[in-house]
Amino acid sequence: MDYQEVLQNARSRVGPYCKVCPVCNGSGCKNTIPGPGAKGLGTGFIRNYQKWQELCVNMDTICENKPVDTAFSFFGKTLAAPIMAAPVGAMKLHYGELYDDLAYNDILVSACQSAGIAAFTGDGTDPAVMQGALAAIEKAGGCGVPTVKPWDRDTVFAKLDAVKAAHPLAIAMDIDAAGLPFLKNLTPPAGSKTVEELREIIDYAQMPFIVKGIMTVAGARKALQAGASAIVVSNHGGRVLDGCPATAEVLPQIAEAVGGQMMILVDGGIRSGLDVFKALASGADGVLIGRPFVTMVYGGGSQGVAVYVKKLTEELRDVMAMCGAHSLSEITRDMVCRP
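Read on for a plain summary of the structure. (Residues numbered from 1 in each chain as written. Predicted model: local features only at pLDDT ≥ 70, side-chain atom pairs only at ≥ 80, totals over all residues. Heavy atoms only, no water.)

### Some remarks on the nonpolar core
Now for step 1: Counting 114 residues, the largest nonpolar core has F74, I231 and F293 as the members making the most contacts within it.
Now for step 2: Per element, the largest residue contribution to this core is 13 residues, and it comes from helix α11 (residues 291–322).
Now for step 3: Contact partners of F293, with chain neighbours within four places excluded, come to M84, A85, Y104, L108, C112, I117, V305, Y308 and V309. (Core = buried A, V, L, I, M, F, W, Y, C linked by side-chain atoms within 4.5 Å. Buried < 20%, exposed > 50% of the residue type's maximum accessible area, 1.4 Å probe, protein only. Helix = DSSP H or I, 4+ residues; strand = E, 2+ residues; numbered from the N terminus. Contact = heavy atoms within 4.5 Å.)

### Quick notes on the pattern of salt bridges
Side chains carrying opposite charge are able to pair once their charged atoms draw close together.
Now for step 1: The tally for this structure, following the rule as stated, stands at 13 salt bridges.
Now for step 2: Between R47 and E249 there is a salt bridge, with the nearest N and O atoms lying 2.7 Å from each other. Here R47 is found in helix α2 (residues 43–54), whereas its partner E249 is found in helix α9 (residues 247–258), with 202 residues between them in sequence.
Now for step 3: Accessibility expressed as a relative area gives 32% for R47, which makes it partly exposed.
Now for step 4: A salt bridge links K212 to D267; the shortest N-O distance between them is 3.4 Å. Placement of K212 in strand β8 (residues 209–214) and of D267 in strand β10 (residues 263–267) is noted, with a sequence separation of 55 residues between them. (Salt bridge = Lys/Arg side-chain N within 4 Å of Asp/Glu carboxyl O.)

### Side note on the packing of aromatic side chains
Now for step 1: Considering all chains together, one arrives at 7 aromatic pairs under this definition.
Now for step 2: Between Y95 and Y298, the aromatic rings sit 6.3 Å apart at their centres with planes inclined by 45°, giving tilted as the arrangement. Residue Y95 is found in helix α3 (residues 91–95), and its partner Y298 is found in helix α11; the two are separated by 203 residues along the sequence. By the burial criterion, Y95 is buried, and Y298 matches it.
Now for step 3: On the basis of an interplanar angle of 75° and a centroid distance of 5.2 Å, the ring pair of F293 and Y308 is categorised as edge-to-face. Just as F293 is buried, Y308 falls in that class too.
Now for step 4: Among the aromatic side chains, those forming a connected cluster through ring pairs are Y3, F293 and Y308.
Now for step 5: It is K164 that lies over the ring of Y204; its NZ or CZ is 4.2 Å from the centre.
Now for step 6: Note that R291 overlies the ring of F45, its terminal NZ or CZ placed 4.0 Å from the centroid. (Phe/Tyr/Trp six-rings, centres within 6.5 Å; stacked < 30°, edge-to-face > 60°. Lys NZ or Arg CZ within 6 Å of the ring centre and 35° of its normal.)

### What to know about the sheet that holds β10
Now for step 1: Judged by pairing direction, the barrel is parallel, and its 8 strands sit side by side in the order β4-β5-β6-β7-β8-β9-β10-β11 before closing back on the first. Strand-to-strand twist of the sheet, defined as the mean angle between neighbouring strand axes without regard to direction, takes the value 25°.
Now for step 2: Bridge count for strand β9 (residues 230–233) against β10 is 4 bridges, and the pairing is parallel. Its bridge partner being in β10, V232 is matched across the sheet by L265.
Now for step 3: Across the sheet, helix α5 (residues 127–139) lies against β5 (118–121) and β6 (144–148), angled at about 165° from β6, the strand it touches most. (Pairing = 2+ DSSP bridges. Axes fitted to C-alpha atoms, helices over the stretch in contact; angles between N-to-C directions.)

### Here we look at the pairing of β6
Now for step 1: Judged by how many residues are buried, β6 sits mostly within the fold: 5 of 5 residues are covered.
Now for step 2: Side chains of β6 alternate between two faces, with G144, P146 and V148 and V145 and T147 buried alike.
Now for step 3: Bridging between β5 and β6 involves 3 bridges; their strand directions are parallel. Within the sheet, the bridge partner assigned to T121 lies in β6 and is P146.
Now for step 4: Crossover connection from β5 via α5 to parallel β6: handedness right-handed.
Now for step 5: Pairing of β6 with strand β7 (residues 171–174), which is carried by 2 bridges, proceeds in the parallel orientation. Counterpart to V148 in the pairing with β7 is M173.
Now for step 6: Note that the unit made of β6, helix α6 (residues 153–166) and β7 has a crossover that is right-handed. (Right-handed = clockwise from strand over helix to strand, strands pointing away.)

### Comments concerning the side chain of D275
Now for step 1: Note on placement: D275 falls in helix α10 (residues 273–281).
Now for step 2: Although D275 is buried, it makes no salt bridge; K278 carries the closest opposite charge, 4.3 Å away. (Lys, Arg positive; Asp, Glu negative; His and termini not counted.)

### Things to note about unusual backbone geometry
Now for step 1: Phi angles above zero are rare outside glycine, and F75 is one such case at about 50°.
Now for step 2: Relative to the assigned elements, F75 resides in the loop between β2 (72–74) and β3 (77–79).
Now for step 3: On the basis of relative accessibility, which here comes to 27%, the residue F75 falls in the partly exposed class.
Now for step 4: At H167, a residue that is not glycine, the phi angle is positive and equals roughly 55°.
Now for step 5: Its location among the elements puts H167 in the loop between α6 and β7.
Now for step 6: Take H167: its relative accessible area is 61%, and that puts it in the exposed class.

Now the structure itself:
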């Protein structure tokens, strides 16, 4: 099975909203909730993809001829590449009846672990979603990152107790999920957190803590102040706010402000190994990719995930070689040209 075969298979298995477009750029599914798209006009998702395409890389092959190493150190675990599957939830609502959250995470987590990377898992109003995600992570030897939504204090602490028992690599909170339209007016409640509230949560977690949904230097500094080990530059809360800049646009200034003080990951519109390289050269330590992994699971299960990870890693390795970087530490800001 190759990449195109996986896409073709997925087209008959994904529900009515996702079109499994040849390029997953947000255009075919814009303004579709439920569905994989975004609220409003959907311009935010589209902008995420477009801004990575506007960046160019600076080729330089006058360098030592040696193998390229894409190994990435992630909280004590060496991954094959600085690529991770992003958390995705409410599978039946957004992607159709083939998989619920538990079945999706069970396939994704083990497939990512087998492919040498890690998966972030999602959360939901149904407690079984987190329970199933943690079971999948335990089965994969802890190779995963459960993501907790910004519920009320008691709910977050209860979920953290369950998470700690699973011994994952780290735990994440998608702080911007406070804006998701399908979480409003539900029980348990979800909402924004102050620095003090976030610090209390991070202290209680007692493990590497990742704050997902950072889009400003001020937000990054607040996460650092609260004690976060890493941030994810991401604008997916509320399914990307119209008028919000792309993650590619804000990443460099965030990396300039807090780089070296915490791990910086980026999510949003990254679709190829070339895009991964551009993100790393813009200041990220690693990337998250969401919807394409959904397509791979629907189109090919574990094999689909393996096909996509291999594709991304080979593309990243090729770009690194052509730009004179033989390890991730050799990727520098001058290897990318911004418009």
